[in-house]
Amino acid sequence: MTLSRQHARDVVDTYIRAWTSQDPDLITTVFTEDATYHERVLDAAIERRSGIRDYWESKVVDAQANISCRLLSLYVDADADTAIAEWEARFDDVPQQVRKVMREVAILEFENGLIRSLREYWASRTAL
């Protein structure tokens, strides 16, 4: 399957919807069973769909609240089955008890229409 811009957009939209609704079951629907997820690219990847769900449960469900996110840009290389998405999110960091703004670029490599590898590059700060 060659990655289309519309399919990449649909997957990113589902990812954002899973994030803003804090739905660990929904997030697993966009990843292959053996996917890898690098929240911090210099650290070890989170492996497999079940590991991604566990990460989502602890990072998003337990540690964030009042999440909003908007897609800023999306680039697709159909020949490489790769998309690059940039988004901005705002959320309450529950452990730190502050509101944060985060800008992120994610590189998404697809296989058979699902994400097989996600690498995040992001910066965040306390929201003004």
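That block above? That's the structure.
Owing to the predicted nature of the structure, the values given are computational and were not obtained by experimental measurement.

Novice: Just checking my understanding: could you explain the overall build of the protein for this structure?
Specialist: On a plain count of helices and strands, the protein comes out with 3 helices and 6 strands. Moving toward the C terminus, one meets the helices and strands of the protein in the order α-α-β-β-α-β-β-β-β. Here the C-alpha radius of gyration of the protein, 14 Å, is about what a compact globule of 128 residues would show, namely 14 Å. With respect to the principal axes defined by its C-alpha atoms, the protein has extents near 45 × 30 × 25 Å. Residues classed as buried in the protein amount to 43% of the 128 residues present. Considering only contacts in the protein between residues 6 or more positions apart, those separated by 24 or more positions represent 51%. Carbon and sulfur atoms make up 46% of the accessible area of the protein, which amounts to about 6800 Å² in all. Distance from the positive charge centre (16 side chains) to the negative charge centre (23 side chains) of the protein: 6 Å.

Novice: What exactly am I supposed to notice about the packing of aromatic side chains here?
Specialist: Geometrically, a pair of aromatic rings is defined through the distance of the ring centres and the angle of the planes. In the structure shown here, the tally under the stated rule is 7 aromatic pairs. Arranged with centres 5.4 Å apart and planes meeting at 75°, the rings of Tyr-15 and Trp-56 form a pair that is edge-to-face. Linking Tyr-15 in helix α1 (residues 5-20) with Trp-56 in helix α3 (residues 48-61), this pair joins segments that are 41 residues apart in sequence. Tyr-15 sits in the buried class, given a relative accessible area of 3%. Given the relative accessible area of 1%, Trp-56 is considered buried. Ring geometry for Tyr-37 and Tyr-55: centres 5.2 Å apart, planes at 50°, overall tilted. Of the two residues, Tyr-37 is situated in strand β1 (residues 31-38) and Tyr-55 in helix α3; the sequence distance between them amounts to 18 residues. You'll find Tyr-37 and Tyr-55 in the same group, each marked buried.

Novice: Explain the pattern of salt bridges to me, please; I cannot follow it from the model alone.
Specialist: Side chains carrying opposite charge are able to pair once their charged atoms draw close together. According to the stated counting rule, one finds 14 salt bridges in the structure shown. Here Arg-103 ties to Glu-86 by a salt bridge, and the two come within 3.6 Å at their closest N and O atoms. Here Glu-86 lies in strand β4 (residues 82-93) and Arg-103 lies in strand β5 (residues 98-111), a separation of 17 residues in the sequence. Residue Arg-103 is classed as partly exposed on the basis of its relative accessible area of 40%. Among the residues examined, Glu-86 registers a relative accessible area of 24% and is labelled partly exposed. Arg-103 is the salt-bridge partner of Glu-88, the closest N and O atoms lying 2.7 Å from each other. One end of the pair, Glu-88, is in strand β4; the other, Arg-103, is in strand β5, with 15 residues separating them in the sequence. Connected through shared salt-bridge partners, Arg-70, Glu-86, Glu-88, Arg-90 and Arg-103 make up one network.

Novice: Where do I start with the sheet that holds β5 in this structure?
Specialist: Backbone-to-backbone hydrogen bonds join strands into a sheet, with any given pair of strands oriented parallel or antiparallel. In spatial order, the strands read β2-β1-β6-β5-β4-β3; together these 6 strands make up an open sheet with mixed pairing. Both edges of this open sheet fall to β2 (46-47) and β3 (64-77), since each of them pairs with a single strand only. With 2 bridges connecting them, β1 and β2 associate as antiparallel partners. From the neighbouring strand, Tyr-37 faces β2, where its bridge partner is Ile-46. Those strands touched by α1 are β1, β3, β4, β5 and β6 (114-126), and its axis lies near 170° from that of β3. The sheet strands contacting α3 are β1, β2, β3 and β6, and the helix crosses β1 at an angle near 50°.

Calculation notes
Sequence order as written defines residue numbering, which begins from 1 separately in each chain. Local features are withheld for residues below a pLDDT of 70 in this predicted model, meaning they are given only at 70 or higher, and side-chain atom pairs are given and counted only at 80 or more; totals for whole chains, interfaces and linings count all residues. In computing side-chain properties, one takes all heavy atoms of the structure into account and sets aside hydrogens as well as water. Think of it this way: any DSSP run of H or I at least four residues long counts as a helix, any run of E at least two long counts as a strand, and we number them from the N terminus. Here the radius of gyration uses the C-alpha set of atoms, whereas the globule reference equals 2.2 Å times the residue count to the power 0.38. The buried label goes to any residue with under 20% of its type's maximum accessible area, the exposed label to any with over 50%, and the partly exposed label to all in between, with areas taken from a 1.4 Å probe on protein chains only. Residue contacts follow a heavy-atom distance rule, with two residues in contact if any of their heavy atoms lie within 4.5 Å. In short, Shrake-Rupley with a 1.4 Å probe defines the accessible areas, and a residue's cover is counted only from the protein chains shown. His residues and chain termini do not enter the charge count, which takes Lys and Arg as positive and Asp and Glu as negative. Each charge is placed at NZ for Lys, CZ for Arg, CG for Asp and CD for Glu. Each pair of aromatic rings taken from Phe, Tyr and Trp, with Trp reduced to its six-membered ring, is defined by centres within 6.5 Å and is described as stacked if the planes are under 30 degrees apart, edge-to-face if over 60, and tilted in the remaining cases. Throughout this description, the term salt bridge denotes a Lys or Arg side-chain nitrogen within 4 Å of a carboxyl oxygen of Asp or Glu. Strands are labelled as partners when DSSP assigns at least two bridges between them. Note on geometry: axes are lines fitted to C-alpha atoms, helical ones only across the stretch in contact, with angles between N-to-C directions running from 0 to 180 degrees.

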